[in-house]
Amino acid sequence: MRDFVIMTDSCCDLTAAMADELGLVVVPLSLNMGRDVYQNWLDGRDIGFEDFYARIRSGETATTSAVNVGDFESKMRPILSQGKDVLCINFSSALSTTYQSAVIAAGDLRGEFPEAKIFVVDSLCASLGQGLLLYLCAQQKREGRSIGEVRAYAEATKGNICHWFTVDDLNHLKRGGRISAATALFGTMLSIKPVMHVDDGGHLTPVSKARGRKASLVALVDRMEESAVDAAHGPVFISHGDCEGDALLVADEILRRFGNKDIHLNFVGPVIGNHSGPGTVALFFVGSKR
């Protein structure tokens with residue numbers, strides 16, 4: 001059985017250390033701020049996470065760019081040249097064209113490496129939801145599963161990766177077209193915080209509202225209590241828009257309710273954070289359904 005590499009993109013929001021430990025190859029998306037272009041490396045080498053959020057809070061704006069076909073080809077080709085196969089698991093196609101770029105790159109390289117298996121999976125996930133799916137797939141690989149088996153596992157599991165999140169500043173969702181200007185205005189005035197999730201099609205969807213910040217954070221854990229497959233032991237990932245204290249509040253609530261200590265925290269990276277804004281807190285776990 002040929003060895004294979006799991007590839008992904010930087011919207012997985014894993015720490016660089018965890019991605020390395022899992023053996024992942026990560027291709028960065030890009031961020032444009034002013035006249036500068038930064039690659040969204042997991043270790044923040046181009047733009048640090050705190051620096052990015054400080055600049056957004058100061059009023060700077062940014063645009064983001066998907067991974068292009070050539071970037072994927074340049075990462076895949078050396079792996080294939082070593083006689084290894086590639087399983088590429090990417091950011092939701094409902095939120096980025098990164099997945100489509102990976103599909104095109106894979107198609108181009110199959111002609112060059114006809115003996116190789118090059119599979120591309122649309123995770124329909126975002127941030128550490130994508131990271132959680134990759135984490136689970138890497139465990140399958142370590143257990144000796146073939147590339148075909150891990151691909152099938154990813155396809156079967158991605159619909160059970162639950163994404164629940166809230167934001168502190170509704171104006172970022174307004175700018176991204178997720179909510180209306182009126183909703184942002186009145187929500188801000190009344191301290192209404194949305195509770196949102198990523199649906200089965202990989203889209204961001206408002207589900208409910210909470211009055212006040214703490215209530216919105218507790219509501220995330222309420223959702224976990226409703227649908228988590230193994231709330232006491234299953235891996236839990238939490239990402240945050242430079243508000244670690246709020247993410248820790250969610251982690252403490254999970255520990256208090258379920259006794260679960262398998263909790264991993266990290267920043268929402270600049271590409272996703274540009275749309276969700278500072279103060280975002282997102283909770284990810286395996287559930288009976290999204």
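Keep in mind it's a predicted model, so treat the numbers as computed, not measured. (Residues numbered from 1 in each chain as written. Predicted model: local features only at pLDDT ≥ 70, side-chain atom pairs only at ≥ 80, totals over all residues. Heavy atoms only, no water.)

Some words on the overall build of the chain
We count it as follows: Secondary structure elements follow DSSP: runs of H or I of four or more residues count as helices, runs of E of two or more count as strands, with numbering from the N terminus. The atom set for the radius of gyration is the C-alpha atoms, and the globule formula is 2.2 Å times the number of residues raised to the power 0.38. Should any heavy atoms of two residues lie within 4.5 Å, those residues are considered in contact. Areas reported here follow the Shrake-Rupley algorithm with a probe of radius 1.4 Å; residue values treat only the protein chains shown as occluding. This count recognises Lys and Arg as positive and Asp and Glu as negative, with His and chain-terminal groups excluded. A charge is said to be at NZ when it belongs to Lys, at CZ for Arg, at CG for Asp and at CD for Glu.
When you go through the chain residue by residue, the secondary structure sums to 11 helices and 13 strands. Here the C-alpha radius of gyration of the chain, 19 Å, is about what a compact globule of 290 residues would show, namely 19 Å. Overall, the C-alpha framework of the chain stretches about 60 × 45 × 30 Å when taken along its three principal axes. Long-range contacts, defined here as pairs at least 24 residues apart, represent 76% of the contacts in the chain between residues at least 6 apart. Accessible surface computed for the chain: about 12100 Å², of which carbon and sulfur atoms make up 51%. Positive and negative side-chain charges of the chain, numbering 29 and 35 respectively, have mean locations separated by a distance of 4 Å.

A short note on the sheet that holds strand E8 (residues 161-166)
Sheet strands pair by backbone hydrogen bonding; their relative direction is either parallel or antiparallel. Rule in force here: One requirement defines pairing of two strands: DSSP has to find at least two bridges between them. Axis geometry follows a simple rule: fit a line to the C-alpha atoms, using only the stretch in contact for helices, then measure angles between N-to-C directions, giving values from 0 to 180 degrees.
Read from one edge of the open sheet, 6 strands run E10-E9-E8-E13-E11-E12, paired in mixed fashion. With partners counted over all chains shown, the strands left at the sheet margins are strand E10 (204-211) and strand E12 (263-267), one partner each. Averaged over neighbouring strand pairs, the angle between their axes works out to 20° when direction is ignored. Two elements, E8 and strand E13 (residues 281-286), share 6 bridges in a ladder whose sense is antiparallel. Bridge pairing in E13 links Ile-161 to Val-286. The strands touched by helix H10 (residues 244-258) are strand E11 (236-240), E12 and E13; relative to E11, the strand with the most contacts, the crossing angle is about 160°.

Focus on the nonpolar core
Put simply, the rule reads: Residues enter a nonpolar core if they are buried and are Ala, Val, Leu, Ile, Met, Phe, Trp, Tyr or Cys, with the set joined through side-chain atoms within 4.5 Å. A simple rule labels every residue: compare its accessible area, found with a 1.4 Å probe on the protein chains alone, to the largest value its type can have, and call it buried under 20%, exposed over 50%, or partly exposed in between.
In this structure, Phe-72 and Met-76 are the most contacted members of the largest nonpolar core, which totals 36 residues. Going through the elements one at a time, strand E1 (4-9), strand E3 (30-33), helix H2 (49-57), helix H3 (69-81), strand E6 (85-90), helix H4 (98-112), strand E7 (118-122) and helix H11 (270-276) are the ones with two or more residues in this core. Of all the elements, H4 adds the most residues to this core, at 5 residues. Setting aside residues up to four positions removed in sequence, Phe-72 forms contacts with Met-7, Val-27, Val-67, Cys-88, Asn-90, Thr-98, Ser-101, Ala-102 and Ala-105. Judged by nonpolar contacts, the second largest core, of 33 residues, contains Cys-12, Ile-89, Ala-154 and Phe-237.

A look at empty space enclosed by the protein
Note the threshold: Using a grid of 1 Å spacing that covers the protein atoms alone, one calls a set of points a cavity when a 1.4 Å probe fits there but cannot get out, and a pocket when the set is open and has protein on both sides within 12 Å along at least five of seven lines; lining residues are those with an atom within 4 Å of a point. Grid points are joined across faces, edges and corners, and a volume is the space filled by probe spheres set on the points. All amino acids are sorted into three groups, where Ala, Val, Leu, Ile, Met, Phe, Trp, Tyr, Cys and Pro are nonpolar, Asp, Glu, Lys and Arg are charged, and the leftover types, Gly among them, are polar.
For the structure shown, the criterion picks out 1 cavity of 30 Å³ or more. Within this model, the largest cavity holds a volume of roughly 40 Å³. Lining the largest cavity are Ser-10, Asp-13, Leu-14, Asn-40, Trp-41, Leu-42, Phe-49, Asn-266, Phe-267 and Gly-269. Its residues assigned to classes, the lining of the largest cavity shows 5 nonpolar, 4 polar and 1 charged.

Let's talk about the pattern of salt bridges
Just so we agree on the cut-off: A pairing counts as a salt bridge when a side-chain nitrogen of Lys or Arg comes within 4 Å of a carboxyl oxygen of Asp or Glu.
Counted by the stated rule, this structure contains 16 salt bridges. A salt bridge links Asp-43 to Arg-45; the nearest nitrogen and oxygen atoms lie 3.0 Å apart. According to the relative accessible area criterion, Asp-43 is partly exposed, its value standing at 42%. Here Glu-253 ties to Arg-257 by a salt bridge, and the two come within 2.8 Å at their closest N and O atoms. Taken together, the positions of Glu-253 and Arg-257, both in helix H10 and 4 residues apart, correspond to about one turn of that helix.

Details of the pairing of E1
Short version of the rule: Convention used here: a crossover is right-handed provided that the path from the first strand, over the helix, to the second strand proceeds clockwise when the strands point away from the viewer.
For E1, a buried count of 6 out of 6 residues is recorded, marking the element as mostly surrounded by other parts of the structure. Where burial is concerned, the two faces of E1 agree: the one with Phe-4, Ile-6 and Thr-8 and the one with Val-5, Met-7 and Asp-9 are both buried. As paired strands, E1 and E6 are joined by 4 bridges and run parallel to one another. Looking at the pairing, Ile-6 lines up with Leu-87 of E6. Inspection of the sheet shows E1 paired to strand E2 (residues 25-27) by 3 bridges, in the parallel sense. Following the sheet pairing, Thr-8 is matched in E2 by Val-26. Assessed by its sense of winding, the connection that carries the chain from E1 through helix H1 (residues 16-21) to E2 is right-handed.

Section: H3
Threshold: In a helix, the anticipated span is given by 1.5 Å times the number of residues less one. Distance and chemistry together define a polar contact, namely a pair of N or O atoms within 3.5 Å, with one atom able to donate a hydrogen and the other to accept it when in protein, and with adjacent residues in sequence counting only for side-chain atoms on both sides.
Taking 1.5 Å per residue as the helical rise, H3 with its 13 residues ought to reach 18 Å, and the 18 Å between its terminal C-alpha atoms agrees with that figure. Taken together, the buried positions of H3 are Phe-72, Glu-73, Met-76, Ile-79 and Leu-80. Each element contacted by the buried residues of H3 is listed here: E1, E2, E6, H4 and E7. Regarding H3, its N-cap is Asn-68, as a side-chain oxygen of that residue lies 3.1 Å from the backbone nitrogen of Gly-70 further along. Following H3 by one or two positions, Gly-83 adopts a phi angle in the positive range, close to 85°.

In short, geometric facts, not functional conclusions.
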